[in-house]
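# Notes for the structure review
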Amino acid sequence: MNITHTMMLLDVIYFILRGSVRIVFRPRTKPIDGELVLITGSGGVLGRLFALELVREAGGKAHPYRVDVTNRVEVYCTADEVRTDLGRNVTMLVNNARVVARERLMDCPDELVERTMKVNCHALFWMTKAFVPQMKEQNHGHIITIASVLGLFSTACDYCASKFSAVGFHESLAHELLTEEFDGVKTTLVCPYIVDTGMFDRCKIRDEVALFLAPLDPEYCVEQAMNAILIDQPLVCIPRLTYLPVISRA
Ligand SMILES: *[C@@H]1O[C@H](CO)[C@@H](O)[C@H](O)[C@H]1NC(C)=O
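In this report, the structure presented in the accompanying data block is examined. (Residues numbered from 1 in each chain as written. Predicted model: local features only at pLDDT ≥ 70, side-chain atom pairs only at ≥ 80, totals over all residues. Heavy atoms only, no water.)

## What about the environment of Leu230?
- For Leu230, the location among the structural elements is in the loop between helix 7 (218-229) and strand 5 (235-238).
- For Leu230, a relative accessible area of 6% gives the class buried.
- Residues Leu230 and Lys30, spaced 200 residues apart in sequence, show a C-alpha to C-alpha distance of 5.4 Å.
- For Leu230, the residues in contact, after removing those within four places along its chain, are Arg28, Thr29, Lys30, Ile32 and Glu57. (Helix = DSSP H or I, 4+ residues; strand = E, 2+ residues; numbered from the N terminus. Buried < 20%, exposed > 50% of the residue type's maximum accessible area, 1.4 Å probe, protein only. Contact = heavy atoms within 4.5 Å.)

## Things to note about the sheet that holds strand 1 (residues 37-39)
- One open sheet holds the 5 strands; their spatial order is 1-2-3-4-5, and the pairing between them is parallel. Looking at strand neighbours, the two that pair on one side only are strand 1 and strand 5, the edges of this open sheet. With strand direction ignored, the average angle separating the axes of adjacent strands in the sheet is 15°.
- Against the sheet, helix 4 (residues 110-138) touches strand 1, strand 2 (92-95), strand 3 (141-146) and strand 4 (185-192), its axis set at about 170° to strand 2. (Pairing = 2+ DSSP bridges. Axes fitted to C-alpha atoms, helices over the stretch in contact; angles between N-to-C directions.)

## Considering the site of the ligand
- Around the ligand, the structure places Gly87, Arg88, Asn89, Gln134, Glu137 and Gln138.
- At a separation of 2.3 Å, an oxygen atom of the ligand approaches a polar side-chain atom of Asn89.
- Residue Glu137 places a side-chain N or O atom 3.0 Å away from an oxygen atom belonging to the ligand.
- Counted by class, the shell around the ligand contains no nonpolar, 4 polar and 2 charged residues. (Near = heavy atom within 4 Å. Polar contact = N/O pair within 3.5 Å; in protein donor to acceptor, adjacent residues only side chain to side chain. Nonpolar A, V, L, I, M, F, W, Y, C, P; charged D, E, K, R; others polar.)

## Considering unusual backbone geometry
- Backbone torsion omega between Ile238 and Pro239 reads -5°, so that peptide bond is classified as cis.
- Assignment of secondary structure puts Pro239 in the loop between strand 5 and helix 8 (243-249).
- Its identity as a non-glycine residue notwithstanding, Glu181 has a phi of 60°, on the positive side.
- Tracing the chain through its elements places Glu181 in the loop between helix 5 (159-179) and strand 4.
- Non-glycine residue Asp232 carries a positive phi angle of around 55°.
- Note on placement: Asp232 falls in the loop between helix 7 and strand 5.
- By relative accessible area, which is 26% here, Asp232 ends up partly exposed.

## Observations concerning the side chain of Thr188
- Turning to its location among the elements, Thr188 is positioned in strand 4.
- Residue class for Thr188 comes out buried when judged on its relative accessible area of 0%.
- One polar contact links Thr188 to His142, side chain to side chain, over a distance of 2.7 Å.
- Setting aside residues no more than four positions away along its own chain, Thr188 makes contact with His142, Ile143, Ile144, Thr145, His170, Ile229, Asp232, Gln233 and Pro234.

## Overview of the packing of helix 4 against helix 5
- Helix 5 packs onto helix 4 with a crossing angle of 15° between their chain directions and a minimal axis gap of 8 Å. Classed by the angle they form, the pair helix 4 and helix 5 counts as roughly parallel. The chirality of how helix 4 crosses helix 5 is right-handed. Taken together, the residues of helix 5 that come into contact with helix 4 (itself represented by Thr116, Met117, Asn120, Cys121, Leu124, Phe125, Thr128 and Lys136) are Tyr159, Ala161, Ser162, Lys163, Ser165, Ala166, Phe169, Leu173, Glu176 and Leu177.
- Tallied by class, the residues present in the contact of helix 4 with helix 5 amount to 10 nonpolar, 5 polar and 3 charged. (Parallel < 35°, antiparallel > 145°, perpendicular 65-115°, else oblique. Left-handed = near helix turned anticlockwise from the far one by under 90°.)

## A look at empty space enclosed by the protein
- All told, the structure shown has 2 cavities of 30 Å³ or more when counted by the stated rule.
- One number sums up the size of the largest cavity: a volume of about 40 Å³.
- As for the largest cavity, its lining consists of Asn95, Asn96, Ala97, Val119, Asn120, Leu124, Thr145, Ile146, Lys163 and Ala166.
- Of all the elements in the fold, those that place two or more residues in the lining of the largest cavity are helix 4, strand 3 and helix 5.
- With 3 residues, helix 4 is the largest single contributor of residues to the lining of the largest cavity. (1 Å grid on protein atoms, 1.4 Å probe; cavity = no way out; pocket = protein on both sides within 12 Å on 5 of 7 lines; lining within 4 Å. Points joined across faces, edges and corners; volume = space filled by probe spheres on them.)

## Description of the nonpolar core
- If you look at the biggest cluster of nonpolar residues, it comprises 69 residues, and the most contacted ones within it are Phe50, Leu54 and Phe131.
- Top contributing element to this core by residue count: helix 4, with 9 residues.
- What Phe131 contacts, discounting residues up to four positions off in sequence, is Leu38, Ala79, Arg83, Val90 and Leu93. (Core = buried A, V, L, I, M, F, W, Y, C linked by side-chain atoms within 4.5 Å.)

## Comments concerning the packing of aromatic side chains
- Counted under the stated rule, the structure contains 2 aromatic pairs.
- On the numbers, 6.5 Å between centres and 55° between planes, the contact of Phe125 with Trp126 is tilted.
- With relative accessibility at 37%, the residue Phe125 sits in the partly exposed group.
- By relative accessible area, Trp126 is classed as buried at 18%.
- In this structure an aromatic cluster arises from ring pairing among Phe125, Trp126 and Phe169.
- The ring of Trp126 has Arg72 sitting right over it, with the charged end atom 5.4 Å from the ring centre. (Phe/Tyr/Trp six-rings, centres within 6.5 Å; stacked < 30°, edge-to-face > 60°. Lys NZ or Arg CZ within 6 Å of the ring centre and 35° of its normal.)

Here you go:
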């Protein structure tokens, strides 16, 4: 085992220990009233649940905007529109929009491969560039990436490459914020197992995994993610059992 592997393993063990301690001694959740939360893909199953939870926590109102997250010009223009309309900066960014082609790699049409990468990976860059500079200036904010456990270990699906990218993107952003000492800008990487939204009907999950894990109930997934977000937890795998394949990989 080299030093990187050892560090990764220690990281994972640390998260598990901390997670276990937190089951018993729940840390105080942060209040988010007064935050301006932006959720991409809030028309989808998970996005809608996140929106309902966050509006409830923030005791606020929701303003819908329609934008193609893969079109960076549209993202930047809409970001300006949001700031002008609401007269405020976004302080919590939930990158939730995602797509899956539902095809085996070799059967997947080229356009769908591109679409998966653009929505699940490239859009993270555009959203971050549109909203994170103001968070840094105020040293206040929270960036949440809804990735997937399939961004930590693979199965046969076009989705995995894009989610590995999302994890890589999120981790480098977190490192950048850390090295630049923006300790007020928090990050949470949410890695749920396949959520039961019908989106993954045609993805073939590895047998040894499918045996132990049923697709996640969307409400359970959002509830667990919210618990982690509200205590500024850097990483959450849902359900907890999915930390195991992550460790075995490390
Ligand atoms: C948004 O953030 C920028 C950069 O810190 C700041 O100059 C501006 O005043 C903020 N806008 C509002 C409405 O708070």
